[in-house]
Amino acid sequence: PCVPTDAPLVKGFTSGSTGVPQVHVRTLGMFRRSTAQNHAALRDLWPDHADAQAVATVPSQHMYGMELAVMWPLLADVAIHAGRPLFPEEVGAALHALNGPRLLITTPVHLKALMQVPMAWPPLAGIVCSTAPLAPELALAAEAAFGCEVRELFGSTETLITASRRTAVDTAWTPLAGIRFDAHADHSVVHASHLPAPVAIADVLALQADGRFRLQGRQADLIDIAGKRASLGDITAKLLRIPGVQDAVAIQLPARDGSVPRVAAAVVAPG
């Protein structure tokens, strides 16, 4: 594109889940560097002699969709399907229409929906997933059903994509090339070449000696039960593993009249 490297290209707004939504300006230069990192992290999914072709079910106005469904095909040797498939049959038709190594760029919610529809899927080179925590059980089932690896990506509007993992076999995240994390008690700091300065994020990490990390949750997600720290996300994950539970979310109710805040759950479990 004939755009100056340092020209503002995209304004991304945080969701507001951890406070008032904030705007983050992203330049073409930042996207060039981050796209190169993303490409390097995913390039081993398909053969060296071919260019990958992808179908994306994530909207491009989400920063994950902007990175992988817009900037990745724009700045690397990856083609993107021009449609916007939503339902499983539409996703299947779009994947069948491709004639190269096929990639599916999706979300945990969408991947779960695809798994519930019996279909004859074409061979896939890989599945890329992000936007919400991916259950290891779902990743394992998807790898068995599609015959390929499922790569989960970790990132945010503030930082762009920063780490990846194969969730079916690994609980630890590997930072992308050139990215480093500092862990603190109530937040973390991301250092990356595509960022003009270090960025603080609300995620609490447990760093390993090899530079990888495990996600402990977000400060706003952590609660205290009988003097022990727990994570609403971890409680939700345990609920989702109960046979018969289709969907669930753990929440902490607001305290009333000085009482101790209670933890509750909304659960979808027909029968």
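Starting afresh in each chain, residues are numbered from 1 along the sequence in its written order. Since the coordinates come from a predicted model, pLDDT governs what is reported: local features require at least 70, and pairs of side-chain atoms require 80 or more to be given and counted, while whole-chain, interface and lining totals use all residues. Hydrogens are left out, water is left out, and the side-chain values use all remaining heavy atoms of the structure.

Residues and numbers for the overall build of the protein, please.
Strands are runs of DSSP state E lasting at least two residues, helices are runs of H or I lasting at least four, and both sets are numbered from the N terminus onward. From N to C terminus, the protein includes 6 helices and 18 strands. Relative to the compact-globule value of 18 Å for 271 residues, the protein shows a C-alpha radius of gyration of 19 Å, a close match. Viewed in the frame of its principal axes, the protein has a C-alpha envelope of about 60 × 50 × 35 Å. For every residue, the accessible area (1.4 Å probe, protein chains only) is compared with the maximum for its type, and the residue is labelled buried under 20%, exposed over 50%, or partly exposed between those bounds. In the protein, which comprises 271 residues, the share counted as buried stands at 45%. Sequence separation of at least 24 residues holds for 48% of the intrachain contacts in the protein that already meet a minimum separation of 6. Areas reported as accessible are Shrake-Rupley estimates using a 1.4 Å probe. Residue values count occlusion only from the protein chains shown. Summed over all atoms, the accessible surface of the protein reaches about 14100 Å², with 58% contributed by carbon and sulfur. Within the protein, one finds 21 positive and 23 negative side-chain charges whose respective centroids are separated by 2 Å. As a reference, a globule follows 2.2 Å times the number of residues to the power 0.38, and the radius of gyration itself is taken over C-alpha atoms. Only heavy atoms enter the contact rule, under which two residues are in contact if any of them lie within 4.5 Å. His residues and chain termini do not enter the charge count, which takes Lys and Arg as positive and Asp and Glu as negative. By convention, the charge on Lys lies at NZ, on Arg at CZ, on Asp at CG and on Glu at CD.

Can you break down the packing of helix H1 (residues 28–42) against helix H2 (residues 63–75) residue by residue, with the values?
Look at H1 against H2: their axes get within 9 Å of each other, and the N-to-C directions meet at 85°. Our classification of the angle between H1 and H2 gives roughly perpendicular. In this structure, H1 uses Leu28, Phe31, Arg32, Ser34, Thr35, Asn38, His39 and Leu42 to contact H2, whose residues at the interface are Met63, Met66, Glu67, Leu68, Met71, Trp72 and Leu75. Under the scheme applied, nonpolar residues are Ala, Val, Leu, Ile, Met, Phe, Trp, Tyr, Cys and Pro; charged residues are Asp, Glu, Lys and Arg; polar residues are all the others, including Gly. In terms of residue class, the contact of H1 with H2 is made up of 9 nonpolar, 4 polar and 2 charged. Axis angles are defined between N-to-C directions and span 0 to 180 degrees, where every axis is a line fitted to C-alpha atoms and, for a helix, only to the segment in contact. For this classification, under 35 degrees means roughly parallel, over 145 means roughly antiparallel, 65 to 115 means roughly perpendicular, and everything else is oblique.

Explain the pattern of salt bridges to me, and be specific about the residues and the numbers.
Note on definitions: salt bridges are taken to be side-chain nitrogens of Lys or Arg within 4 Å of carboxyl oxygens of Asp or Glu. Enumeration according to the criterion identifies 10 salt bridges in this entry. Measuring nitrogen to oxygen at the nearest pair gives 3.0 Å for the salt bridge that ties Asp44 to Arg151. Residue Asp44 is located in the loop between H1 and strand E3 (52–56), and its partner Arg151 is located in strand E7 (residues 149–156); the two are separated by 107 residues in the primary sequence. Of the charged contacts, one joins Arg241 and Glu137 as a salt bridge, the two residues approaching to 2.8 Å between their closest N and O atoms. Here Arg241 is found in the loop between helix H6 (232–240) and strand E17 (247–252), whereas its partner Glu137 is found in helix H5 (residues 136–146), with 104 residues between them in sequence.

Mind laying out the pairing of strand E6 (residues 126–129), listing which residues take part and the relevant values?
Burial along E6 is two-sided: the face carrying Gly126 and Val128 and the face carrying Ile127 and Cys129 are both buried. A pair of strands is considered paired only if DSSP assigns at least 2 bridges between the two. Judged from the 4 bridges that link them, strand E5 (residues 102–106) and E6 form a sheet pairing that is parallel. Following the sheet pairing, Ile105 is matched in E6 by Val128. Crossovers are marked right-handed if the path from the first strand over the helix to the second runs clockwise, as seen with the strands pointing away from the viewer. In this view, the connection linking E5 to its parallel neighbour E6 by way of helix H4 (residues 108–115) has right-handed handedness. You can see the chain leave E6, run along H5 and come back into E7, and the turn it takes is right-handed.

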